[in-house]
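# Fold and contact review
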Amino acid sequence: METKNSQGRILECALNLFAEFGYEAVGVNEIAGKSGITKPTLYYFFGSKEGLFTSVIKENYQRLNDQLAEVCVYDPHPNEYDRDVFPQLVAIVNAYFAFAVENPVFYRLTLSLSFAPPTSQSAILSQPIHREQYQMVNSFFSAISSVHHNLHGREDLLTTSFIAIINAQIGLWYRGLATLDQDTSAALVKLFMHGIFA
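What this report covers is the structure whose coordinates are included nearby. (Residues numbered from 1 in each chain as written. Predicted model: local features only at pLDDT ≥ 70, side-chain atom pairs only at ≥ 80, totals over all residues. Heavy atoms only, no water.)

## A closer look at the side chain of N65
With respect to the element layout, N65 can be found in helix α4 (residues 49-71). Since its relative accessible area comes to 1%, N65 is described here as buried. In this view, N65 contacts I129, E132, Q133 and M136; residues no more than four positions away in its chain are not counted. (Helix = DSSP H or I, 4+ residues; strand = E, 2+ residues; numbered from the N terminus. Buried < 20%, exposed > 50% of the residue type's maximum accessible area, 1.4 Å probe, protein only. Contact = heavy atoms within 4.5 Å.)

Structure follows, in structure tokens:
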């Protein structure tokens, strides 16, 4: 009988294949062959290719979402720049950067999913976990706007633009054109804040 080691091997192999070729281009036979297991074993653990892809997304993305849950809590200090919005946004950027560095293959997959056609199977399957991340960041901006009233009504735009500039930086890092360090986090947040508080 196959063990949990087989399950982990399937997940790792599937992640690498999905990240390199895309969900639609990878078949169950290829995953099973690369994992060194049989198709019935894959179906035993995951039920289907869709079930396997969902497991890959959930298992990896949950770690990022757990980290975001810790830093997406606004602690207002409106009269103290060094304790208010700035350092808290930097903490969120750092969480993304650290996760991308620790999980480069998976984060490359998530970037590709951001641009997948909305009707594609991969986009549909990954939407719930993406939505969970979006809602955490959105709640953070909603909390900020309750203190900084000039941001009220702009929470959705702030959320999408903030996540977009983080992902753009990570995308450049993959190509060796950017860094993901503390100085970069601070510079990115300062640029973002100049736009939202100008």
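What follows continues from the structure just given.
## A closer look at the packing of aromatic side chains
Under the definition given, this model contains 15 aromatic pairs. Ring geometry for Y44 against F45: centres 5.2 Å apart, planes inclined by 65°, an arrangement best described as edge-to-face. The class of F45 is buried, set by a relative accessible area of 18%. Ring centres of F141 and F192 lie 6.0 Å apart, and the angle between their planes is 55°; on these two criteria the pair is classed as tilted. Note that F141 is positioned in helix α7 (residues 121-145) and F192 in helix α9 (residues 182-197), a separation of 51 residues in sequence. Every member of this aromatic cluster is reached through a ring pair, and the members are Y74, F140, F141, F162 and F192. Just above the ring of Y23 sits the side chain of K49; from NZ or CZ to the centre is 4.3 Å. (Phe/Tyr/Trp six-rings, centres within 6.5 Å; stacked < 30°, edge-to-face > 60°. Lys NZ or Arg CZ within 6 Å of the ring centre and 35° of its normal.)

## Considerations on the packing of α4 against helix α5 (residues 85-102)
Following both chains from N to C, one finds α4 and α5 inclined at 160°, their axes separated by 9 Å at the closest point. In terms of their interaxial angle, α4 and α5 are classed as roughly antiparallel. Note on packing geometry: the crossing formed by α4 with α5 is right-handed. Facing N60, R63, L64, Q67, L68 and V71 of α4, the residues of α5 in contact are A91, I92, A95, Y96 and F99. Here the residues of the contact of α4 with α5 sort into eight nonpolar, two polar and one charged. (Axes fitted to C-alpha atoms, helices over the stretch in contact; angles between N-to-C directions. Parallel < 35°, antiparallel > 145°, perpendicular 65-115°, else oblique. Left-handed = near helix turned anticlockwise from the far one by under 90°. Nonpolar A, V, L, I, M, F, W, Y, C, P; charged D, E, K, R; others polar.)

## A word on the nonpolar core
In terms of nonpolar packing, the biggest core is built from 60 residues, with L89 and Y96 touching the most fellow members. Among residues more than four places away in sequence, those in contact with Y96 are L64, L68, Y107, Q133, V137, I163, I166 and I170. (Core = buried A, V, L, I, M, F, W, Y, C linked by side-chain atoms within 4.5 Å.)

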